[in-house]
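Here are the chains, one letter per residue:
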Amino acid sequence: MDRLFSISVYEQKLNLDVDEMTKYCLSMKRKEKSIKKSNKGGWHSPILGNNHSPLNPLFDKILKAANEYRKVISYKWPLRIDASWIMINGYKDYNVEHIHPGSVVSGAYYLTPNNSGIVFINPSDSIMCSAFDNHDVEEFNEFNSSSHVINPSENTLLLFPSWLKHRVNPNLSRKNRICISFNLVKGIFPSMGL
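Residues numbered from 1 in each chain as written. Predicted model: local features only at pLDDT ≥ 70, side-chain atom pairs only at ≥ 80, totals over all residues. Heavy atoms only, no water.

A positive phi angle, near 60 degrees, is found at Ser74, a position not held by glycine. Note on placement: Ser74 falls in the loop between α2 (56-72) and β4 (79-89). Non-glycine residue Asn114 carries a positive phi angle of around 55 degrees. With respect to the helices, strands and loops of the structure, Asn114 is situated in the loop between β6 (105-110) and β7 (118-121). We classify Asn114 as exposed; its relative accessible area is 67%. (Helix = DSSP H or I, 4+ residues; strand = E, 2+ residues; numbered from the N terminus. Buried < 20%, exposed > 50% of the residue type's maximum accessible area, 1.4 Å probe, protein only.)

Take a look at the structure:
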């Protein structure tokens, strides 16, 4: 059977010091007011600049993973981090469906265990729903699912196409869900000094 259109989501377990980065993220939350983007509740940092040295090991890993990922998607240009930000979702906080326009690849790195799921939406979702509903499917798979949930564990990095719609399920834990999200764009020289 031919697989006509595939969407690749890159997932890698890292071995970084999450304790140090978590402390740093929480200290940022105490200093900065939350901005409003896709978040419903929770704290969304302003875009990070290049003066966040506790996060530099993560930025290095992102760039290495991005180089591997661009080969998978056959993207010929090097990628650089254009923007990054911290997300802290408390109890029942979530993020609505969105994309990351103006970027090539986006991603998130998870500092906490037991994260609420990130839900990726099939680009054909609205058409699929008119063709058949959930009662017509015996078992969901890559050919008939209108969405796919990944429940990232602590110290996990995800990369995905920036055009892929996604949302974050409500955090039903009483503990914070902390991640660092980012956008990658075409370029040779990183804009964040990385």
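Resuming the write-up.
Of note, Ile88 is situated in strand β4. Judged by relative accessible area, Ile88 falls into the buried class, the value being 2%. For Ile88 and Gly42, which are 46 residues apart along the polypeptide, the C-alpha to C-alpha distance reads 5.6 Å. Beyond its immediate sequence surroundings of up to four residues, Ile88 is in contact with Cys25, Leu26, Lys29, Gly42, Trp43, Asn176, Arg177 and Ile178. (Contact = heavy atoms within 4.5 Å.)

Here the focus is the state of the cysteines. Two cysteines joined by a covalent bond between their sulfur atoms form a disulfide. Within this structure, the stated rule accounts for zero disulfides. Cysteine Cys25 is unpaired, with the sulfur of Cys179 as its nearest cysteine sulfur at 9.0 Å. Judged by relative accessible area, Cys179 falls into the buried class, the value being 4%. (Disulfide = S-S within 2.5 Å.)

Another point: the sheet that holds strand β1 (residues 10-13). The strand order β1-β9-β6-β11-β4-β3 describes an open sheet built from six strands, whose pairing is antiparallel. Across the chains shown, the open sheet's two edge strands, defined by having one partner strand only, are β1 and β3 (43-44). One ladder, built from 10 bridges, connects β4 with strand β11 (residues 177-186); its direction is antiparallel. Following the sheet pairing, Ile81 is matched in β11 by Leu184. Each of β3, β4, β6 and β11 touches helix α1 (residues 18-31); the most contacted strand, β4, lies at about 75 degrees to it. (Pairing = 2+ DSSP bridges. Axes fitted to C-alpha atoms, helices over the stretch in contact; angles between N-to-C directions.)

A few words now on the pattern of salt bridges. Taken as a whole and judged by the stated rule, the model has three salt bridges. Residues Glu97 and Lys165 are paired through a salt bridge, measuring 3.9 Å at the closest nitrogen-oxygen approach. On the criterion of sequence distance, the pair formed by Glu97 in strand β5 (residues 94-98) and Lys165 in the loop between β9 (156-161) and β10 (166-168) is long-range, its members being 68 residues apart. Classification of Lys165 as partly exposed rests on a relative accessible area of 41%. Residues joined by salt bridges that share partners form a network here, namely Glu97, Lys165 and Arg167. (Salt bridge = Lys/Arg side-chain N within 4 Å of Asp/Glu carboxyl O.)

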